[in-house]
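# Structural overview
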Amino acid sequence: MAERDQVHQGQCRCGQVRFQVRGAPIITMACHCTGCQRMTASAFSLSSLYSSASFEVTQGEPVIGGLHGSTRHFFCPHCMSWLFTRPEGLDEFVNVRATMLDDAKGFTPFIETYTSEALPWAKTPAVHSFEKFPPMERYAQLVEDFVRNSS
């Protein structure tokens with residue numbers, strides 16, 4: 001997995017919006033909810049959670065898309081690639097779409113969420129699976145497990 005001081009570059013499909021993250025993610029995830037299925041036009045979305053301080057848009061101006069609600073999903077205004085999400089009430093974090101990173105192969109999902117809405121054939125190698133989101137009190141232990149398993 002990523003070194004703590006390594007910089008990972010990412011971009012949208014057309015390259016007009018570029019960003020970077022520094023270090024290893026806090027945790028990696030796959031979400032099977034129907035919203036993610038529709039926004040990705042795929043079976044699930046893949047993401048890597050970072051602190052906001054570790055994330056920077058380096059080129060372009062992403063726009064809000066998706067549902068335009070309190071959880072803000074950011075897209076390239078030209079190609080409409082879904083780049084990252086700022087979760088509602090958690091401004092200190094940014095959820096980067098792992099497949100938008102230039103070196104996405106190393107960002108295997110550690111947890112998967114919304115398996116209750118998963119397509120029956122959609123499988124991931126995630127270590128932990130949840131029918132919805134994990135309870136908030138579980139996240140600290142999940143992050144510890146992720147760090148231990150990715151070292």
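Right above here is the structure, for reference.
Below is a short write-up of the structure. (Residues numbered from 1 in each chain as written. Predicted model: local features only at pLDDT ≥ 70, side-chain atom pairs only at ≥ 80, totals over all residues. Heavy atoms only, no water.)

### Section: the packing of aromatic side chains
The line we're drawing: Stacked, tilted and edge-to-face pairs are distinguished by plane angle, under 30 degrees for stacked and over 60 for edge-to-face with tilted covering the rest, among Phe, Tyr and Trp rings (Trp via its six-membered ring) whose centres lie within 6.5 Å. Relative accessibility decides the category of a residue: with a 1.4 Å probe and only protein chains considered, values under 20% of the type maximum give buried, values over 50% give exposed, and everything between is partly exposed. A ring has a charge above it when a Lys NZ or an Arg CZ is no more than 6 Å from the ring centre and no more than 35 degrees off the ring normal.
Taken as a whole and judged by the stated rule, the model has six aromatic pairs. Judged by centre distance (6.3 Å) and plane angle (15°), the ring pair of Phe75 and Trp82 falls under stacked. The class of Phe75 is buried, set by a relative accessible area of 7%. Residue classification places Trp82 among the buried residues on the basis of a relative accessible area of 6%. Among the aromatic residues, those joined into a cluster by ring pairs are Phe19, Phe55, Phe74 and Phe84. One cation-aromatic arrangement involves Arg97 over Trp82; the distance from NZ or CZ to the ring centre is 3.9 Å.

### What about unusual backbone geometry?
Let me state the cut-off plainly: Labels follow the DSSP assignment, with helices taken as runs of H or I lasting at least four residues and strands as runs of E lasting at least two, numbered in each case from the N terminus.
A positive phi angle, close to 65°, is found at Met80, a residue other than glycine. By the secondary structure assignment, Met80 is in the loop between strand 7 (72–75) and strand 8 (82–86). In the Ramachandran plot, Tyr114 falls in the positive-phi region, its phi being about 55° despite a non-glycine side chain. With respect to the element layout, Tyr114 can be found in the loop between strand 10 (111–113) and strand 11 (128–129). Given the relative accessible area of 18%, Tyr114 is considered buried.

### Remarks on the sheet that holds strand 7
Heads up, the condition is: Any two strands with at least two DSSP-identified bridges between them are counted as paired. Throughout, a contact is declared for two residues whenever any of their heavy atoms are within 4.5 Å. Lines are fitted to the C-alpha atoms to define the axes, a helix being fitted only along its stretch in contact, and any angle between axes, read from their N-to-C directions, falls within 0 to 180 degrees.
On the basis of which strands lie adjacent, the open sheet formed by eight strands has the order 6-7-8-9-4-3-10-11 and mixed pairing. Each edge of the open sheet is held by one strand with a lone partner, namely strand 6 (63–65) and strand 11. Across three bridges, the pairing between strand 6 and strand 7 is antiparallel. Within strand 7, the residue paired with Gly65 across the bridge is His73. Together, strand 3 (27–31), strand 10 and strand 11 form the strand contacts of helix 2 (residues 139–150), whose direction differs from that of strand 3 by roughly 110°.

### Notes on the sheet that holds strand 5 (residues 55–59)
Taken together, three strands build an open sheet; the order of strands is 1-2-5 and the sheet is antiparallel. Each edge of the sheet is formed by a strand with only one pairing partner; in this case those strands are strand 1 (7–11) and strand 5. Shown here is a sheet whose adjacent strand axes are inclined to one another by a mean of 25°, direction ignored. Where strand 1 lies against strand 2 (residues 18–22), five bridges are found, and the strand directions are antiparallel. Each bridged residue has a counterpart across the sheet, and for Val7 the counterpart in strand 2 is Arg22.

### A look at the nonpolar core
Our working definition: Grouping buried Ala, Val, Leu, Ile, Met, Phe, Trp, Tyr and Cys residues that are joined through side-chain atoms within 4.5 Å yields what is termed a nonpolar core.
By size, the foremost hydrophobic cluster in this structure holds 16 residues, and its most contacted members are Phe19, Phe55, Leu83 and Val96. The set of elements that each furnish at least two residues to this core consists of strand 2, strand 8 and strand 9 (93–97). Setting aside anything within four residues of it in sequence, one finds Val96 in contact with Phe19, Val21, Leu46, Ser47, Ser48, Tyr50, Phe55, Leu83, Phe84 and Leu101. Within the second largest apolar cluster, eight residues are counted, among which are Ile27, Met29, Leu49 and Phe130.

### Focus on the environment of Glu131
With respect to the secondary-structure elements, Glu131 resides in the loop between strand 11 and helix 2. Since its relative accessible area comes to 60%, Glu131 is described here as exposed. Separated by 19 residues in sequence, Glu131 and Glu112 have C-alpha atoms that sit 8.6 Å apart. In this structure Glu131 touches Tyr114, Thr115 and Ser116, once residues within four positions along its chain are discounted.

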